[in-house]
Amino acid sequence: MEAHAQTGYEEIIDLCGGRFDDDSAFEYLAYFDGGFYDFAIDVLRRRVEFGLLDDDSPAVRREDYPSALRQLCIKVEEFDRAMSVFDSGELLRTVVEFDDGVTHLGRVRPREYLAAITLDRGRADQLDEGASTLVTTIRREVYGLGDEDPGGYADTRVRPLAQPSSPRHTGDLPAALYTEMLRLCSWQLAVGDLHYVALFQNWSPAFAADLFDTAALQKWFRGRQDRRRKQYEDFGRGLRSDLPQLAHALRLFSVRPIRRLVLDVQEGALYYYPLAGEGDFLLGMTYHQPGVYQAELRLRELAGQVRALLSAG
């Protein structure tokens with residue numbers, strides 16, 4: 001393990017360094033405060049020892065990653081401002097997944113972030129849960145702050161639906177495709193976690209289903225359901241410019257396409273899952289913070305079903 005640090009962060013460095021055991025998904029951790037890079041810890045040399053990186057690659061990555069992650073901090077703060085219209089609180093956790101690695105950016109305090117990286121996409125959830133737990137540990141042990149439950153990992157059980165939900169739905173898909181999309185969404189949308197799903201094709205909304213009119217969710221709307229639907233639709237359209245900007249910010253980390261984006265706020269999360277075509281994707285959301293992980297698992301399953309449906313059509 002190698003650390004590259006400025007002074008004044010000893011307690012946080014000790015907490016971070018203690019997470020690099022053999023079972024950890026962490027390969028690189030960095031800390032940013034007020035837009036400035038503060039320290040990094042990594043075990044990138046292990047990949048050289050296993051023949052997974054060239055001998056000079058760790059040094060190059062140590063040079064590149066702080067710049068890429070600093071740009072990610074800037075983009076995350078832009079997302080935070082854009083998402084303020086949803087009245088769901090501040091952006092706590094951002095996960096960006098590529099074919100060749102995953103980045104997690106967790107907010108410790110306003111403008112203070114922990115960044116985590118794995119180069120193994122198969123360990124994305126392990127990295128995410130570990131980084132979320134570490135953010136909570138730093139908040140509690142260093143700053144005496146509470147647990148905001150980033151990632152919703154306190155309860156990871158997904159409860160199968162006994163019967164399909166009855167969402168409000170709209171779209172302009174061909175009749176047979178519309179009917180099947182509605183059926184698939186009805187078995188994934190749930191009051192306890194996944195509240196909204198939209199299918200975008202060529203960057204435009206083609207289908208949407210939600211539970212916003214359900215009595216149990218009215219505490220989040222109070223008559224503003226239609227306005228919120230429009231806001232999510234606008235946000236989805238805006239990804240046409242936001243995603244290239246995000247990819248550009250992280251170009252020193254990966255030049256591959258973004259395969260997954262999670263924007264986790266204090267009350268719920270937004271999820272982006274790309275499909276096969278350019279500008280084709282699923283946008284999902286939940287308002288229930290304890291259901292953030294379950295909601296994503298439902299959307300992840302739905303994304304596979306929708307890919308199969310569209311490829312068959």
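What you see is a predicted model, and the numbers here were worked out from it, not measured in a lab. (Residues numbered from 1 in each chain as written. Predicted model: local features only at pLDDT ≥ 70, side-chain atom pairs only at ≥ 80, totals over all residues. Heavy atoms only, no water.)

**Considerations on the packing of helix α1 (residues 10–17) against helix α4 (residues 124–141)**
Then, in step 1: Contact geometry for α1 and α4: axes closest at 11 Å, N-to-C directions at 145°. The element α1 and its partner α4 pack so that their crossing is right-handed. Seen from α1, the contacting residues are E11, I12, L15 and C16; seen from α4, they are L134, T137, I138 and E141.
Then, in step 2: Tallied by class, residues from the contact of α1 with α4 come to five nonpolar, one polar and two charged. (Axes fitted to C-alpha atoms, helices over the stretch in contact; angles between N-to-C directions. Helix = DSSP H or I, 4+ residues; strand = E, 2+ residues; numbered from the N terminus. Left-handed = near helix turned anticlockwise from the far one by under 90°. Contact = heavy atoms within 4.5 Å. Nonpolar A, V, L, I, M, F, W, Y, C, P; charged D, E, K, R; others polar.)

**Notes on a negative patch on the surface**
Then, in step 1: A cluster of acidic residues, E10, E11, D14 and E141, forms a negative patch at the surface.
Then, in step 2: With three residues, the top contributor of residues to the negative patch is α1.
Then, in step 3: Secondary-structure assignment places E11 in helix α1.
Then, in step 4: With a relative accessible area of 45%, E11 lands in the partly exposed category. (Patch = residues over 30% accessible without salt bridge, like charges linked within 9 Å, V, L, I, M, F, W, Y side chains within 5 Å. Areas by Shrake-Rupley, 256 points an atom, 1.4 Å probe, with all protein chains shown as cover. Salt bridge = Lys/Arg side-chain N within 4 Å of Asp/Glu carboxyl O. Lys, Arg positive; Asp, Glu negative; His and termini not counted. Charge placed at Lys NZ, Arg CZ, Asp CG, Glu CD. Buried < 20%, exposed > 50% of the residue type's maximum accessible area, 1.4 Å probe, protein only.)

**Thoughts on the packing of helix α5 (residues 175–186) against helix α7 (residues 292–312)**
Then, in step 1: Where α5 contacts α7, the axes come no closer than 11 Å and their chain directions differ by 165°. By the angle between their directions, the pair α5 and α7 is classed as roughly antiparallel. The hand of the α5/α7 crossing is right-handed. When α5 is examined against α7, the residues L177, E180, M181, L184 and C185 are found in contact with a partner set consisting of L302, Q305, V306, L309 and L310. (Parallel < 35°, antiparallel > 145°, perpendicular 65-115°, else oblique.)

**Points about unusual backbone geometry**
Then, in step 1: The phi angle at W203 is positive, at roughly 70°, despite the residue not being glycine.
Then, in step 2: With respect to the element layout, W203 can be found in the loop between β8 (196–201) and β9 (204–210).
Then, in step 3: A relative accessible area of 11% means that W203 is categorised as buried.
Then, in step 4: Unlike most non-glycine residues, R222 shows phi in positive territory, near 50°.

**Concerning the packing of aromatic side chains**
Then, in step 1: Taken as a whole and judged by the stated rule, the model has 24 aromatic pairs.
Then, in step 2: Arranged with centres 5.7 Å apart and planes meeting at 50°, the rings of F32 and Y37 form a pair that is tilted.
Then, in step 3: Among the aromatic side chains, those forming a connected cluster through ring pairs are F79, F86, Y196, F212, W220, F221, Y232, F235 and Y287.
Then, in step 4: Across the ring face of F79, the terminal group of K75 is positioned such that the distance to the ring centre comes to 5.0 Å.
Then, in step 5: The residue whose ring lies beneath K219 is W220, and the NZ or CZ to ring-centre distance is 4.7 Å. (Phe/Tyr/Trp six-rings, centres within 6.5 Å; stacked < 30°, edge-to-face > 60°. Lys NZ or Arg CZ within 6 Å of the ring centre and 35° of its normal.)

**A short note on the side chain of R229**
Then, in step 1: Structurally, R229 is set in helix α6 (residues 225–249).
Then, in step 2: Beyond its immediate chain neighbours, meaning those up to four positions away, R229 contacts R168, D210, F212 and D213.

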